[in-house]
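The chain contents come next:
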Amino acid sequence: MFLTKEEEKLLERGDGVSKCMEILVALGEIFDAERLIPIKHAHISGVSYQNIGDEGLEWLRSLNVKFTVKTTINPAGMDLDRWKEMGIDEDFARKQMKLLNIFKEMGAELTLTCTPYYIYRPSIGEHLAWAESSAVIYANSVLGARTNRESGISALASAVIGKTPYYGLHIKENRAPSILVKVECDCDPSILGYKIGSEIEGIPIFKFNRKLSDDDLKALGAGLASTGNVAIFHVIDQTPEWNDFEIPSEKIVVDKLELNFDCDPDIITLGCPHLSKEELIKVYNLLKNFSGKVRREFWIFTSRKVYEDLIEVVDYLEMKGVRVFRDTCMVVSPATRRFECVMTNSGKALTYLPKLRGVKVLYGTLEDCVRKAFE
Ligand SMILES: C[C@@](O)(CCOP(=O)(O)O)CC(=O)O
Ligand code: SF4
């Protein structure tokens, strides 16, 4: 991969910046990138102490670097204000705060959300270096911005250098669809993504018989990326780049989805990825149909920004016994170990909760989840 004189010099410093350059050069060589390109925004995953532990914390501290572009970060292992209520112990909280202080010293904004696009909405064609698979696929598919599916480490290296290797989805022709998915059922987009992700190769372009909302597209992408190596999709008549390419001849038809999850939930959860304003308001409107408080643990996760923008809605949900937490989620928090069976409408959470937290899961639509909370 070609390096400019300045880039060569960064390699020779022998410090944390050199380490970051080495990561980007190695990535560039693996994927045969011709050069590095500047990025506008990096989003780093691997922020929960639960997932990176003491080793990750010490490695980050040893880098001793500063970010040179706008940098946001993924959820931590707890709500920074209500961690005791989540059942988190002091030792974990202390270590999580130590980790967040390191990110802050590096120059990250402590956004602690997997939905950075609600805070900074990238524009079409903008080059990013984002980790967090659900954010990557949203940026590429719904916004038309350009990022590969970075790891936490490669996103951090790009945040320091301000660049990323020019390969993969940064290049227009690599964003072309290779399989048409005709959807003939009124299937939950989250579950559709969860099922299709493991069944297809390449980039899907969907044909729906209805208009999907941005939240539907968010759920579809999160599900797709959780079970498949998919970092972009298109939807005919709906996503920004759908008409820039030939419609692929390879086609599958989806007319029904079968799921077999079964357990009696001791907690219901929504917000994987973190809920948008519209989604939080949808929960509010559903809750108004039920008298009294919920009868099961009901945890909702969203970003601080959405929470603060809708504080009256949050107050109502809390009054109904729902807990609205920020900064974290069921997948990256040790709090989840208190539960046996988690009910959710998120295809992504159905994938990761058993894998990362070892709990059983039960699928329900948003309406099913709200109804179950009162049973
Ligand atoms: C599962 C995920 O959403 C959150 C946990 O990952 P991390 O600890 O933020 O790297 C990451 C991802 O899907 O890229
Ligand atoms: S809520 Fe879901 S998408 Fe967001 S960080 Fe947690 S697992 Fe990832």
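Scoring rules and cut-offs
- Residues numbered from 1 in each chain as written.
- Chains lettered and ligands numbered in written order.
- Predicted model: local features only at pLDDT ≥ 70, side-chain atom pairs only at ≥ 80, totals over all residues.
- Heavy atoms only, no water.
- UniProt positions renumbered as here; feature names shortened; annotations may be inferred.
- Helix = DSSP H or I, 4+ residues; strand = E, 2+ residues; numbered from the N terminus.
- Expected span 1.5 Å × (residues − 1).
- Buried < 20%, exposed > 50% of the residue type's maximum accessible area, 1.4 Å probe, protein only.
- Contact = heavy atoms within 4.5 Å.
- Polar contact = N/O pair within 3.5 Å; in protein donor to acceptor, adjacent residues only side chain to side chain.
- Near = heavy atom within 4 Å.
- Areas by Shrake-Rupley, 256 points an atom, 1.4 Å probe, with all protein chains shown as cover.
- Nonpolar A, V, L, I, M, F, W, Y, C, P; charged D, E, K, R; others polar.
- Domains from an automatic or database assignment.
- Core = buried A, V, L, I, M, F, W, Y, C linked by side-chain atoms within 4.5 Å.
- Pairing = 2+ DSSP bridges.
- Axes fitted to C-alpha atoms, helices over the stretch in contact; angles between N-to-C directions.
- Salt bridge = Lys/Arg side-chain N within 4 Å of Asp/Glu carboxyl O.
- Phe/Tyr/Trp six-rings, centres within 6.5 Å; stacked < 30°, edge-to-face > 60°.
- Lys NZ or Arg CZ within 6 Å of the ring centre and 35° of its normal.

Looking at an unreviewed UniProt entry, one finds the protein named Phosphomevalonate dehydratase large subunit, with Archaeoglobus profundus as its source organism. Listed under Catalytic activity (unreviewed entry) in UniProt, the entry text for the protein is "(R)-5-phosphomevalonate = (2E)-3-methyl-5-phosphooxypent-2-enoate + H2O".

*Asks:* Run through helix H2 (residues 16–30), naming residues and quoting values.
*Replies:* Taking 1.5 Å of rise per residue, the 15 residues of H2 would be expected to cover 21 Å, and the 21 Å separating its terminal C-alpha atoms lies within 8% of that figure. If you check which residues of H2 are buried, you get Gly16, Val17, Ser18, Cys20, Met21, Leu24, Val25, Leu27 and Gly28. Against helix H1 (5–12), strand E1 (36–38), helix H3 (49–63), helix H6 (152–161) and strand E5 (163–165) lie the buried residues of H2. The residue sitting at the N-terminus of H2 and contributing the capping side-chain oxygen is Asp15; that oxygen lies 3.0 Å from the backbone nitrogen of Val17. Positive backbone phi, approximately 55°, marks Asp32, located one or two places after H2.

*Asks:* I'd love a proper account of the UniProt feature "domain: Phosphomevalonate dehydratase large subunit-like" (unreviewed entry) in the protein, names of residues and values included.
*Replies:* UniProt's entry tags residues 1–371 with the feature "domain: Phosphomevalonate dehydratase large subunit-like" (unreviewed entry), counted in the numbering of this structure. Between the C-alpha atoms that bound residues 1–371 the distance is 56 Å, and the span itself is 38% helix and 16% strand.

*Asks:* Any chance you could break down the site of ligand 1 for me, citing the residues and the numbers?
*Replies:* By nearness alone, every residue bordering ligand 1 is listed as Ser45, Gly46, Asn51, Asn74, Glu132, Ser133, Val332, Lys348 and Tyr352. In the environment of ligand 1, an oxygen atom lies 3.0 Å from a nitrogen or oxygen atom belonging to the backbone of Gly46. Coverage of ligand 1 by the protein chains reaches 81% of its 370 Å² of free accessible surface. Here the residues of the shell around ligand 1 sort into two nonpolar, five polar and two charged. Two domains share the shell around ligand 1, each providing at least three of its residues, namely domain 1 (5–172) and domain 3 (267–373).

*Asks:* Describe the nonpolar core, with residues and values.
*Replies:* Within the largest apolar cluster, 61 residues are counted, with the highest numbers of intra-cluster contacts made by Phe67, Phe103, Met106, Leu156 and Trp299. Per element, the largest residue contribution to this core is seven residues, and it comes from helix H4 (residues 90–106). Discounting residues that sit within four places of it in the chain, Trp299 has contacts with Met86, Ile267, Ile268, Thr269, Leu270, Arg323, Phe325, Met330, Ala335, Arg338 and Phe339. Counting residues in each nonpolar core, the second largest holds 34 residues, with Leu128, Tyr138, Ile196 and Leu212 among its members.

*Asks:* Hey, could you go over the sheet that holds strand E13 (residues 341–344) for me, with residue numbers and the actual values?
*Replies:* What the five strands build is an open sheet, ordered E12-E11-E10-E13-E14; its pairing is parallel. In this open sheet, the two edge strands, each paired with only one partner strand, are strand E12 (323–325) and strand E14 (360–363). Pairs of neighbouring strands in the sheet enclose a mean axial angle of 30°, with direction left out of account.

*Asks:* Account for the pattern of salt bridges, naming residues and giving values.
*Replies:* Taken as a whole and assessed by the stated rule, the structure comprises 31 salt bridges. A salt bridge links Glu90 to Lys84, with the shortest nitrogen-to-oxygen separation between them at 3.9 Å. Taking relative accessible area as the criterion, Glu90 reaches 51% and is therefore assigned exposed. With relative accessibility at 58%, the residue Lys84 sits in the exposed group.

*Asks:* Mind laying out the site of ligand 2, listing which residues take part and the relevant values?
*Replies:* Neighbouring ligand 2 are the residues Pro75, Cys114, Glu132, Ser134, Gly271, Cys272, Pro273, Cys329, Val331 and Lys348. With three residues, the single largest contributor to the shell around ligand 2 is strand E10 (residues 267–275). Of the residues belonging to the shell around ligand 2, the class tally is six nonpolar, two polar and two charged.

*Asks:* So what's going on with the packing of aromatic side chains? Which residues, and what values?
*Replies:* How two aromatic rings sit relative to each other is set out by the distance from centre to centre and by the angle between their planes. The final tally for this structure, using the stated rule, is 13 aromatic pairs. With a centroid separation of 4.9 Å and 75° between ring planes, the pair formed by Tyr117 and Tyr118 is classed as edge-to-face. Each ring, one from Phe290 and one from Phe374, has its centre 4.5 Å from the other, and the planes form 10°; the classification is stacked. With Phe290 in the loop between helix H9 (277–287) and strand E11 (297–302) and Phe374 in the segment after helix H13 (366–373), the pair connects residues that are 84 residues apart, well separated along the chain. Of the residues examined, Phe374 reaches a relative accessible area of 7% and is grouped as buried. Each residue in the set Trp299, Phe301, Phe325 and Phe339 is aromatic and connected to the rest through ring pairs, giving one cluster. Residue placement shows Lys70 over the ring face of Tyr120; its charged tip is 4.0 Å from the ring centre. Lying over the aromatic face of Tyr352, Lys355 brings its terminal NZ or CZ to 5.2 Å of the ring centre.

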